[in-house]
Amino acid sequence: MTIDTFDAAGVKPSHWNLTSVIEQLRVSREATHNIRHQGRVRELPSREALQIIVNGLSAVLFPTHYGRPNLTDESIDYFVGDTLNTTLNRLTEQVRRGLQFSATEDLSDEAALTQQAHVITREFAANLPAIRALLVSDVHAAFSGDPAATSIAEIMLCYPGTIAILYYRLAHCLHRLGSPFLARLISDIGHSLTGIDIHPGAHIGGSFFIDHGTGVVIGETAILGQRVRLYQHVTLGAKRFPADDQGVLIKGVPRHPVVEDDVVIYAGATILGRITIGAGSTIGGNVWLTQSVPPNSNVSQAQMRSD
């Protein structure tokens, strides 16, 4: 006599037909639908580790705001040094993992990847004072640009635009230094936290302010000058995507707007293509813009409807 066994839900394990399912998944994974980079298994960067790293970098840049509020003049440098050392060691491993998905042939072996990861991390660390200077200019822009702001601390702790810009500036530096995959992951974490999507390849000048921020999108090849201000649901996007003779999209070509110094773009505006918004211009809410405008322009929705 055989005794049937059942799981907690009263179902026989054999009913899942696992052997066949596992075999078909292996065939899909290894052969028919293999999506692995260069066909190889690689250890992916960890989003959880990157979140810890960004938290550590934030604490290094602004110790009392994002680190420990009880730091003193005597302890602050020790805290920064210890946190920075630990964070950079963690970052090096994540950079190494990320390079596996964008490395050139001469970085295909482990020793070369590790060496290049150390070089990138060292250069990134050297850029941290300049990144902090830009972030401070961004915070001051927010404080001077928003009458509702009561303190710098409020800007840094309560404004999603400030958090998104912090993630962007860290990611942009890594992108520029040759770690684009890791930069993209950091940007996506910032996007998840704030609802603001800034590609790390975009170039954004100092004193940048995003007010409210939800739904803002800034594309990869966008260029923003100094003292630019955006409101919620602004899109700086591409109008079209050029393709080669085989219909494959051509990547990396300039396709997003150039926004010059001292431009304000109000909520819901959509600006598409490689056009230029001249310095000192104001773009009104819900404007759909696909053509360049000269400096000191004032573009409203009513004007766009009449064209």
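Placed above this text is the structure.
Overview of the structure. (Residues numbered from 1 in each chain as written. Predicted model: local features only at pLDDT ≥ 70, side-chain atom pairs only at ≥ 80, totals over all residues. Heavy atoms only, no water.)

**Things to note about the overall build of the protein**
Part 1 of the argument: On a plain count of helices and strands, the protein comes out with nine helices and 14 strands.
Part 2 of the argument: Looking at the protein residue by residue over its 307 residues, the buried ones come to 40%.
Part 3 of the argument: Across the protein, contacts joining residues at least 24 apart in sequence account for 46% of those joining residues at least 6 apart.
Part 4 of the argument: Of the roughly 16400 Å² that the protein leaves accessible, carbon and sulfur atoms contribute 55%. (Helix = DSSP H or I, 4+ residues; strand = E, 2+ residues; numbered from the N terminus. Buried < 20%, exposed > 50% of the residue type's maximum accessible area, 1.4 Å probe, protein only. Contact = heavy atoms within 4.5 Å. Areas by Shrake-Rupley, 256 points an atom, 1.4 Å probe, with all protein chains shown as cover.)

**Re the packing of helix α7 (residues 160-176) against helix α8 (residues 180-194)**
Part 1 of the argument: It is at 8 Å that the axes of α7 and α8 come closest, and there the two elements cross at 175°. It follows from the interaxial angle that α7 and α8 lie roughly antiparallel. Where α7 approaches α8, its residues Pro160, Ile163, Ala164, Tyr167, Ala171, Leu174 and His175 are matched on the opposing element by Pro180, Leu182, Ala183, Ile186, Ser187, Ile189, Gly190, Leu193 and Thr194.
Part 2 of the argument: Its residues assigned to classes, the contact of α7 with α8 shows twelve nonpolar, four polar and no charged. (Axes fitted to C-alpha atoms, helices over the stretch in contact; angles between N-to-C directions. Parallel < 35°, antiparallel > 145°, perpendicular 65-115°, else oblique. Nonpolar A, V, L, I, M, F, W, Y, C, P; charged D, E, K, R; others polar.)

**Focus: the pattern of salt bridges**
Part 1 of the argument: Scanning the model with the defined rule gives ten salt bridges in all.
Part 2 of the argument: Here Asp138 makes a salt bridge to Arg169, at a shortest N to O gap of 2.8 Å. Here Asp138 is found in helix α5 (residues 110-145), whereas its partner Arg169 is found in helix α7, with 31 residues between them in sequence.
Part 3 of the argument: Salt bridges here are not isolated pairs; linked through shared partners, they connect Glu43, Glu93, Arg96, Arg97 and Glu110. (Salt bridge = Lys/Arg side-chain N within 4 Å of Asp/Glu carboxyl O.)

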